[in-house]
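Here is how the chains run, residue by residue.
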Amino acid sequence: MFIHLGGDTVIRSKDVIAILDRQVKETSETIGEFLEFYQQEDKVEEIAKDMSKSIVITSEKVYLSPISSSTLKRRALFVSDIEDI
């Protein structure tokens, strides 16, 4: 199944490793360093410039989504429930 992250970006739900609130970037030095590394590797995709509310980590990329982390988590859980049927 797929999860819509905003704009024209859709990812496979099985590729999602973590969905984090954007504010964790300011409070966690480790997350800040992680994002810096991925930015240097050109593996960060900002979906809506200056409007990110969440950080979605996948096996290939990191996405900065304009959709809140709680909404994305709800979508991921919904997809997970459907896959179990």
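Residues numbered from 1 in each chain as written. Predicted model: local features only at pLDDT ≥ 70, side-chain atom pairs only at ≥ 80, totals over all residues. Heavy atoms only, no water.

## So, helix H2 (residues 29–40)
Point 1. Spanning 12 residues, H2 covers 17 Å between terminal C-alpha atoms, matching the ideal 16 Å at 1.5 Å per step.
Point 2. Among the residues of H2, those classed as buried are Ile31, Gly32, Leu35 and Tyr38. End-on view of H2: buried residues confined to an arc of 130°, all on one side of the axis. In H2, the exposed positions that point more than 90 degrees away from the buried face belong to Glu29, Thr30 and Gln40.
Point 3. Against the buried residues of H2 lie strand E3 (16–21), helix H1 (24–27), strand E4 (44–46), strand E5 (54–58) and strand E6 (62–65).
Point 4. With its phi angle positive at about 60°, Asp42 sits one or two positions after the end of H2. (Helix = DSSP H or I, 4+ residues; strand = E, 2+ residues; numbered from the N terminus. Expected span 1.5 Å × (residues − 1). Buried < 20%, exposed > 50% of the residue type's maximum accessible area, 1.4 Å probe, protein only. Arc of directions from axis to C-beta. Contact = heavy atoms within 4.5 Å.)

## With respect to the environment of Asp15
Point 1. Looking at the element boundaries, Asp15 is found in the loop between strand E2 (9–12) and E3.
Point 2. Residues Asp15 and Gln39, spaced 24 residues apart in sequence, show a C-alpha to C-alpha distance of 19 Å.
Point 3. Aside from chain neighbours lying at most four places away, what touches Asp15 is Ile57, Thr58 and Ser59.

## Quick word on the sheet that holds E3
Point 1. Here 4 strands make up an open sheet; going across it, the order is E3-E5-E6-E4 and the pairing mixed. Because the sheet does not close on itself, it has two edges, and the strands there are E3 and E4. Put simply, the sheet's adjacent strands are angled 15° from each other on average, direction ignored.
Point 2. Pairing between E5 and E6: 4 bridges, direction antiparallel. (Pairing = 2+ DSSP bridges. Axes fitted to C-alpha atoms, helices over the stretch in contact; angles between N-to-C directions.)

None of the figures reported here should be taken as evidence of function without further support.
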